[in-house]
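As a plain string of letters, each chain reads:
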Amino acid sequence: MSQRFSAADVATHNKADNLWIIVDEDVYDVTKFADEHPGGKKILQRVAGKDASKQFWKYHNESILKKYQKKLQVGSLDTKKAAPPTPPATPPQVEKEVVKPSAEPGVIAPTAGADAAEEAEALDPYGELIPYADPSWYQSYHSPYFNQTHADLRAEVRQWVEDEIMPNVTEWDEAKKVPDTIYKQMGERGYLAGLLGVHYTKLAPLTKNTVKSVPPEKWDLFHEMLLTDELSRAGSGGLIWNLIGGFGIGCPPVVKFGKKELVQRILPGILSGDKRICLAITEPDAGSDVANLTCEAKLSEDGKHYIVNGEKKWITNGIWSDYFTTAVRTGGPGMNGVSVLLIERSAGGVSARKMDCQGVWSSGTTYITFEDVKVPVENLIGKENQGFKVIMTNFNHERIGIIIQCLRFSRVCYEESMKYAHKRKTFGKRLIDHPVIRLKLAHMARQIEASYNWLENLIYQCQKMGETEAMLKLGGAIASLKAQSTVTFEFCAREASQIFGGLSYSRGGQGAKVERLYRDVRAYAIPGGSEEIMLDLSIRQALRVHKVLGMKL
Ligand code: HEM
């Protein structure tokens, strides 16, 4: 915005029909906007022609300015320097202080060995540096897992989220739909191909899009993790489920167990963001109890097709999906009669009805009916009656996705609370100056950090192990961490809501993220294995694995 005004110029625009205000040395013409201002026009008229920064920040958060800046800003004060008034996402590099470890007498400190010298350098600080609001490697703490390619991806995704997603996410959630252009961008930016738990180089021949800041050969599971993590900063389960909820769980079985011809035919359209895919397992009568599903697939007499009949419920993205990775019964009762089929909507006989749910509004949760749907036998994923293995292998990936989202949502609740606690005053003090509020923040932070550190460790294990080893050895721990992260999320959403008070009870405004996330909690605690089932599985599976490892009890 090139136009410059003196404070005296702005002061002349001080009438209802000529109403300018100053926020952070930028000048806004709110004459027409005043009538539609949700806080009322009188309140704007009271600051007409004046610097209203203090009042503005009392009632709004950053996304409001981003959203309205283009429409309302007419220039800046002539006193404004080139540098932006708010800290940039990446603060300027400062010379690093070299910290020499030293121990107080009586403290047992490990002596630095030869390996210590090779330890990775901590990356430059990034983000707003609010303690615990980002993972510690963002804040220049050492990490064995992240390098410059992760930092580059982080910056790329954050910019996109802050510019194009965050200012609109509340509107999309209320409309229960994310614009298709955003999903398309997920493909164009090469993100979809990076979210399958499969090495990027394997998918490169199936897509012309790659991620700008990370070459395919350098892509690892930590890139995948941080992509979901950064997207989740928008603070909307609906957004994440819309973008990756169907794809992230519906596509991996096809890539890992689908026939080559099928993969080559459908993957390019999916990875580019033109076609959508979802996972259809749960039924009105079979949730976590997958072995009891009833949707049946009968082989046609000529042996060329399966004919599918049955219902699926709570299917994320089902409403707009072209492909359904579907669990069906091809054999007798129990887990050994289950197969997985890739059902194509274009075959006909597929009806989809959008369901109204408590949370994740823009996720497109769907009730699906299959009526005599003809599915070519080439669309069998894995082997007939061995679909259970396909489904089980998929669970680890699905649950890790849920964990990443829950922990970032917990951080969002914490971060929003921390910021709000610094501006809201009660009984003559800022909230942050009340010990009871600090206690809430402390309880949030300790759970977030403990869970996130376990997550990093599990991602590292997944990276080192093969698919089957990971399924067996990590299944219990991942189930346990899924329960841990949904409990943490529920706790943080509740505590944040208490800190925001009425602002998180009404929708929109400063408490928007907290109000929305509070509604999204159950969408994480129930699907993908409920907390109760996860915790029970975590011990059963761990005992089974450790018996094989030689456990002595
Ligand atoms: C560029 C100028 C402004 C824009 C674009 C703007 C926009 C908005 C929007 C979109 C809301 C709805 C709540 C939200 O989403 O956060 C809102 C609410 C509000 N605004 Fe503004 N506003 C501006 C300036 C101001 C100023 C200068 C004041 C005070 C002097 C003010 C006071 C309020 C109040 C009191 C509310 C209601 C807050 C609540 O519901 O708790 N606004 N504004």
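Note that the coordinates shown come from a computational prediction; the quantities given were computed from them, not determined experimentally.

Draft legend 1. Summary view of the overall build of the chain. A tally of helices and strands in the chain yields 17 helices and 15 strands. Radius of gyration (C-alpha) of the chain: 26 Å, near the 24 Å computed for a compact globule of 553 residues. Projected onto its principal axes, the C-alpha positions of the chain cover 85 × 70 × 45 Å. With 553 residues in all, the chain has 52% of them scored as buried. Of the contacts made within the chain by residues no fewer than 6 positions apart, 74% connect residues no fewer than 24 positions apart. Of the roughly 26,700 Å² of accessible surface on the chain, 54% is carried by carbon and sulfur atoms. Measuring between centres, the 70 positive side-chain charges of the chain sit 3 Å from its 67 negative side-chain charges.

Draft legend 2. Local environment of the site of the ligand. In the vicinity of the ligand there are 17 residues, among which His 37, Pro 38, His 60, Ile 64 and Gly 509 approach most closely. Here a nitrogen atom of the ligand sits 2.8 Å away from a polar atom, N or O, in the side chain of His 37. His 60 is positioned such that a nitrogen or oxygen atom in its side chain is 2.7 Å from a nitrogen atom of the ligand. Elements supplying a minimum of two residues to the shell around the ligand: α2 (41–45), α3 (53–59) and α4 (62–72). Its residues assigned to classes, the shell around the ligand shows 12 nonpolar, five polar and no charged.

Draft legend 3. Representation of the pattern of salt bridges in the model. One pass over the full model with this rule turns up 33 salt bridges. In this structure, Arg 233 engages Glu 230 in a salt bridge whose closest nitrogen and oxygen atoms are separated by 3.9 Å. Considered together, Arg 233 and Glu 230 belong to a single accessibility category, that of buried residues.

Draft legend 4. Broad picture of the domain arrangement of the chain. Looking at the chain, the domain boundaries give domain 1 (4–77), domain 2 (162–271), domain 3 (277–388) and domain 4 (395–549). Taken over C-alpha atoms, the centre of domain 2 sits 22 Å from the centre of domain 3. Contacts between domain 2 and domain 3 engage 27 residues on the former and 22 residues on the latter. Together, the buried faces of domain 2 and domain 3 total about 2,000 Å²; carbon and sulfur atoms form 63% of this surface. When the buried surface of domain 2 facing domain 3 is broken down by residue, Lys 176, Trp 241 and Lys 259 rank first, second and third, together holding 28% of it. Here domain 2 is connected to domain 3 by two salt bridges.

Draft legend 5. Here's a closer look at the UniProt feature "domain: Cytochrome b5 heme-binding" (unreviewed entry) in the chain. The feature "domain: Cytochrome b5 heme-binding" (unreviewed entry), as given by UniProt, occupies residues 2–78 in the numbering adopted here. The span residues 2–78 shows a helical share of 36% and a strand share of 25%, and its end C-alpha atoms are spaced 10 Å apart.

Draft legend 6. Looking closely at the coordination of the iron atom of the ligand. Within the protein, the atoms that donate to the iron atom of the ligand are His 37 (NE2) and His 60 (NE2), at distances of 2.0 to 2.1 Å. Around the iron atom of the ligand sit six donor atoms; with metal-centred angles ranging over 82 to 178°, the donor geometry is octahedral. Of the two residues, His 37 sits in the loop between β4 (26–29) and α2 while His 60 sits in the loop between α3 and α4, which places them 23 residues apart along the sequence. Like His 60, His 37 is buried.

Draft legend 7. Quick look at the sheet that holds strand β3 (residues 18–23). Read from one edge to the other, the open sheet built from five strands follows the order β1-β5-β4-β3-β2, with strand pairing classed as mixed. Both outer strands of the open sheet, β1 (4–5) and β2 (14–15), are each paired with one neighbouring strand and no more. Relative to strand β5 (residues 73–77), β4 runs antiparallel, the two sharing three bridges. Directly across from Val 27, in β5, lies its bridge partner Gly 75. Running over the sheet, α4 touches β3, β4 and β5 and is turned about 70° from β4.

Draft legend 8. Expanded view of unusual backbone geometry. Although it is not a glycine, Trp 314 adopts a positive phi angle of roughly 60°. Even without being a glycine, Asn 385 presents a positive backbone phi close to 65°. Inspection of the secondary structure assignment puts Asn 385 in the loop between β13 (380–381) and α13 (387–423). The partly exposed category is assigned to Asn 385, whose relative accessible area is 23%.

Draft legend 9. Structural context of the nonpolar core. Ranked by internal contacts, the top residues of the largest apolar core, which has 114 residues, are Met 186, Leu 239, Phe 247, Val 254, Leu 267, Leu 455 and Tyr 524. By residue number, the principal contributor to this core is α13, which donates 17 residues. Setting aside chain neighbours within four positions, we find Leu 455 in contact with Met 225, Ile 400, Ile 403, Ile 404, Leu 407 and Leu 481. Within the second largest apolar cluster, 17 residues are counted, among which are Ala 297, Tyr 306, Phe 324 and Leu 380.

Draft legend 10. Just a positive patch on the surface, in detail. Taken together, the side chains of Lys 54, Lys 58, Arg 424 and Lys 425 make up a positively charged region of the molecular surface. Here Lys 54 lies in helix α3.

Draft legend 11. Molecular detail of the environment of Asn 453. Tracing the chain through its elements places Asn 453 in helix α14 (residues 435–464). Through-space distance from the C-alpha of Asn 453 to that of Pro 135 is 9.0 Å; in sequence the pair is 318 residues apart. Separated by 2.7 Å, the side chain of Asn 453 and the backbone oxygen of Glu 449 make a polar contact.

Rules behind the numbers
Residues numbered from 1 in each chain as written. Predicted model: local features only at pLDDT ≥ 70, side-chain atom pairs only at ≥ 80, totals over all residues. Heavy atoms only, no water. Helix = DSSP H or I, 4+ residues; strand = E, 2+ residues; numbered from the N terminus. Rg over C-alpha atoms; globule rule 2.2 N^0.38 Å. Buried < 20%, exposed > 50% of the residue type's maximum accessible area, 1.4 Å probe, protein only. Contact = heavy atoms within 4.5 Å. Areas by Shrake-Rupley, 256 points an atom, 1.4 Å probe, with all protein chains shown as cover. Lys, Arg positive; Asp, Glu negative; His and termini not counted. Charge placed at Lys NZ, Arg CZ, Asp CG, Glu CD. Near = heavy atom within 4 Å. Polar contact = N/O pair within 3.5 Å; in protein donor to acceptor, adjacent residues only side chain to side chain. Nonpolar A, V, L, I, M, F, W, Y, C, P; charged D, E, K, R; others polar. Salt bridge = Lys/Arg side-chain N within 4 Å of Asp/Glu carboxyl O. Domains from an automatic or database assignment. Buried area = accessible area lost by both parts, 1.4 Å probe. UniProt positions renumbered as here; feature names shortened; annotations may be inferred. Donors = N, O, S within 2.8 Å, 3.2 Å for Na, K, Ca; no water. Tetrahedral: all angles 85-135°; square planar, octahedral: opposite > 155°, others 65-115°. Pairing = 2+ DSSP bridges. Axes fitted to C-alpha atoms, helices over the stretch in contact; angles between N-to-C directions. Core = buried A, V, L, I, M, F, W, Y, C linked by side-chain atoms within 4.5 Å. Patch = residues over 30% accessible without salt bridge, like charges linked within 9 Å, V, L, I, M, F, W, Y side chains within 5 Å.

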